[in-house]
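# Summary of the model geometry
Listed here are the chains, written in short residue letters.
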Amino acid sequence: MNLSEKIGVIESIVKIPSYLLVGIAKDRVVLLSDLSGEMNLWAYNLLSGDMYMLSSGGVVDAKTCFISPHVIYSQDMSKGRELSILYIINVSDPDSSFPLDMNPMRIMGIGFDGTHISFVGVEDTSISLFLSDLEGNVEKLFSGEKFIELTSIDSHLVSGYGVLRDNSRSMELFIYDLNDNEFKVYTPLEDSINEYPEVKSGKILFSSNWAGAKSLFVYNYNTNSIDKVVSSQLINEYEINDFTSFGWIDENNIWFLGKSNGETKLFVGTKHIPTPRGYAEYAAFYGDHIYLSSSSLSNPPKIYDINIESGRYNVLIDNPMPEKVSKAFSKVEFIRYKSFDCIDIPAYYIESSYESKPGISIIYVHGGPWWEVPNKWNYSIASFVSLGYHVIAPNYRGSTGYGEDFRVMDIGDPGGGDLKDIVYSERWFSKNGFSSKKAIFGYSYGGYMTYLALTKYPDEWDAGVAGAGIVDWEESYKLSDKLFQSFIQILFDDNNKLFPDRSPIYFAEKLGSPLCIIHPQNDSRTPLKPILRFIGKLLELNKSFEAHILPDVGHVFKTKEDLFKLIYPAIIFLDRVLK
Ligand code: 4NP
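This is a predicted model, so every value here is computed, not measured. Residue numbering note: each chain is counted from 1, following its sequence as written. Under the rules for a predicted model, residues below a pLDDT of 70 receive no local features and side-chain atom pairs below 80 are neither given nor counted, while totals for whole chains, interfaces and linings still include all residues. Where side-chain values are given, they derive from all heavy atoms of the structure, hydrogens and water being excluded.

Here the focus is the sheet that holds strand 26 (residues 289-296). Here 4 strands make up an open sheet; going across it, the order is 25-26-27-28 and the pairing antiparallel. Each edge of the open sheet is held by one strand with a lone partner, namely strand 25 (279-286) and strand 28 (313-317). On average, each strand axis in the sheet is inclined to that of its neighbour by 30°, with strand direction left out of account. When DSSP finds two or more bridges between two strands, those strands count as paired. The helix count covers DSSP runs of H or I at least four residues long, the strand count covers runs of E at least two residues long, and both are numbered beginning at the N terminus. Sheet analysis places strand 26 next to strand 27 (residues 299-307), joined by 7 bridges and oriented antiparallel. Residue pairing in the sheet places Tyr291 in a bridge with Asp305 of strand 27. Every angle, taken between N-to-C directions, lies between 0 and 180 degrees, and every axis is a line fitted to C-alpha atoms, over only the stretch in contact when it is a helix.

Take a look at the structure:
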């Protein structure tokens, strides 16, 4: 393939729209999509079948409430620095949007019950809880310093979760009662992990591991009692380890999307509803229909319409793929391999039909670190596979989706056991006949792992691409806002003495293969400044590297152009040094 053909393939992949279901507002399915080139709100009218762009100027996050025609959304005001303002818009009228009366800030979750909006906002020295009415009048309810995220409001109860005790490995719910203006911390059992509360009429649905394997529970705020709502039998039968989302259908009935080895299964009450194979983030109910956004590693996101009665589903919004891309995925497999300490590490691998075996492989390292590579559409992986690279994506210790014991294994040890898991995934891939040459690629925490892998295990790799990585924990901590400072403290379990040993900048002289650095200029999670110092060091040490600073871009990409600016230099670099 010549250069212009390669550019054509990358462009055709980047142009594939993403669709993420937000919810239902007055006979409209509300979506987040970059169909216009920039992430915005779209509405699909269920009565007429029309679809139209609702917002303009870019949207980060959004929330609907079934009973309301309004949609609440956040818009970045700072060229990607994640200082956002919330807006209210009527789903029927793209010109009706107006902002809440607030300063731009990092927003950690939005709640909306049809009459009030609540959100967590990060200010200079505090992490605060806010309330607004539908005129946009905002009041501050509570200010703290601990890591919290808001998920729900219903009438007088505002709820979310956070690391609210002095234990990095536990998570507690918070409930702010507007009747007595008290911020209450709730946990069913000290040191357990409790997340994503959804409030309905005084009842709080949440996920928890307090009684063993993760399940769903309802805490009754008025009677101070707790009920398990998903049986252990169902959890075992469907091998559910986690949940992507869940909610109330009415005051007595719930739905949930259970996660099992990177794929989701939809349940209404205890009834399993068939869905397309892959990963769905969210579901919304409308009459006897469920709407769902779902994708897989080899299929881009589509919106599905499921009939609850018949259990059948149709594609509501399709997403065809270029033939060159659909033919690239010769095999997608979920596996487990043994790491250095005999722990089983789950991974997905994708065999490219455009590369021989053994051939050139890429170890794709996800970010988070509390995130995963599920069987879900991924633009970078699709690009690598389409351009003739086999890919393995390890869900190293600390990843979500495989139980809380596995998820907390990186706390107090980032860049330790998790890094070894990544090295062992590469060895497994080689041993099983996939790789002759291998590169490591990652973004954010994955970019951090890439820097550390290339410097601490220099003999394992032929090249590496680090996007939005971390090279110096101490400087990154100093440059972070209150929320990311508390995030880093949780990750290191307050052991800042570990910072130097886990910072790639101190191991730069060991870099043994060509490195491609890609970093957003305005990144507010993984700041650029330490990367520039790292580049200075590489220059002094006469190492082979290239660096691409993405102008006016933040950590979370807003446009197709931003995405192209990550994938294009990565591919051109990898082809140059490996092929
Ligand atoms: P992510 O970003 O991998 O995209 O979730 C991160 C940003 C900062 C840190 C970790 C991950 N940090 O620890 O500072």
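Next comes the rest of the write-up.
Quick look at the sheet that holds strand 16 (residues 182-186) now. Sheet strands pair via backbone hydrogen bonds, and the direction of the pair is either parallel or antiparallel. What the 4 strands build is an open sheet, ordered 13-14-15-16; its pairing is antiparallel. The strands lining the two open edges of the sheet, one partner per strand, are strand 13 (148-154) and strand 16. Taking the axes of each pair of neighbouring strands and ignoring which way they run, one obtains an average angle of 25° across the sheet. For strand 15 (residues 172-177) and strand 16, the ladder comprises 5 bridges, and the chain directions are antiparallel. Bridging across to strand 16, Tyr176 finds its partner in Phe183.

Here the focus is the environment of Thr275. With respect to the helices, strands and loops of the structure, Thr275 is situated in the loop between strand 24 (271-273) and strand 25. C-alpha separation for the pair Thr275 and His289, spaced 14 residues apart in sequence, amounts to 13 Å. In contact with Thr275, other than residues within four places in its own chain, are Thr264, Leu266, Leu292, Ile306 and Tyr313. By the convention used here, residues are in contact when the closest approach between their heavy atoms is within 4.5 Å.

Turning our attention to the pairing of strand 5 (residues 61-64). Only protein chains enter the area calculation, which uses a 1.4 Å probe; residues under 20% of their type maximum are buried, those over 50% are exposed, and those in between are partly exposed. Only one face of strand 5 is covered, namely the face carrying Ala62 and Thr64; the face carrying Asp61 and Lys63 is uncovered. With 4 bridges joining them, strand 5 and strand 6 (residues 70-76) adopt antiparallel strand pairing. Among the inter-strand pairings, Ala62 is bridged to a residue of strand 6, identified as Tyr73. Hairpin connection between strand 5 and strand 6: a loop of 5 residues separates the two successive antiparallel strands.

Summarising the element assignment, Glu149 is placed in strand 13. Judged by its relative accessible area of 24%, Glu149 is partly exposed. Sequence-wise, Glu149 and Lys510 are 361 residues apart; in three dimensions their C-alpha atoms are separated by 39 Å. The contacts of Glu149, once residues within four sequence positions are left out, are Met108, Gly109, Val120, Gly160, Tyr161 and Phe174.

Right, let's get into the layout of surface pockets. Buriedness for pockets is judged along seven lines, at least five of which must meet protein on both sides within 12 Å for an open set on the 1 Å grid over protein atoms alone, while cavities are sets there where a 1.4 Å probe fits but cannot get out, and lining residues have an atom within 4 Å of a point. Grid points are joined across faces, edges and corners, and a volume is the space filled by probe spheres set on the points. Of the volumes computed, that of the second largest pocket is approximately 330 Å³. Contributing to the lining of the second largest pocket are 16 residues, with Lys146, Ser486, Gln489, Ile490 and Asp494 lying nearest its centre. Ranked by residues supplied to the lining of the second largest pocket, first place goes to helix 9 (residues 482-491) with 5 residues. Side-chain classes follow a simple rule in which Ala, Val, Leu, Ile, Met, Phe, Trp, Tyr, Cys and Pro form the nonpolar group, Asp, Glu, Lys and Arg form the charged group, and the remainder, Gly included, forms the polar group. Of the residues assigned to the lining of the second largest pocket, the class counts are 4 nonpolar, 5 polar and 7 charged.

It is worth spelling out unusual backbone geometry at this point. Residues apart from glycine generally show negative phi values, whereas peptide bonds are mostly found in trans. Looking along the chain, the bond that leaves Lys357 and enters Pro358 is cis, with omega of -5°. Here the amide bond leading from Gly368 into Pro369 is cis, since omega sits at -5°, within 30 degrees of zero. A positive phi angle, near 50°, is found at Lys79, a position not held by glycine. If you trace the backbone, Lys79 turns up in the loop between strand 6 and strand 7 (84-90). In this model, Asp191 sits at a positive phi of 75°, which is unusual for a non-glycine residue. On the secondary structure map, Asp191 appears in the loop between strand 16 and strand 17 (194-200).

What follows concerns the side chain of Ser78. Tracing the backbone through its elements, the reader meets Ser78 in the loop between strand 6 and strand 7. Two N or O atoms count as a polar contact when they lie within 3.5 Å, although within protein this holds only if one can serve as hydrogen donor and the other as acceptor, and sequence-adjacent residues are included solely when both atoms are side-chain atoms. At a separation of 3.0 Å, a polar atom in the side chain of Ser78 contacts the side chain of Asp76. At 3.1 Å, the side chain of Ser78 forms a polar contact with the backbone nitrogen of Leu83. For Ser78, the contacting residues outside a window of four places in its chain are Leu83 and Asn522.

Of all residues adjacent to the ligand, which total 13 residues, the nearest are Gly368, Ser444, Tyr445, Trp473 and His555. Measuring from an oxygen atom of the ligand, one finds a side-chain N or O atom of His555 at 2.8 Å. Only the protein chains shown count as covering a residue, and every accessible area follows the Shrake-Rupley method with a 1.4 Å probe. Here the ligand loses 89% of its free accessible area of 360 Å² to cover by the protein chains. Among the elements that take part in the shell around the ligand, helix 9 stands out by supplying 4 residues, more than any other. Being near a molecule or strand, for a residue, comes down to having at least one heavy atom within 4 Å of it.

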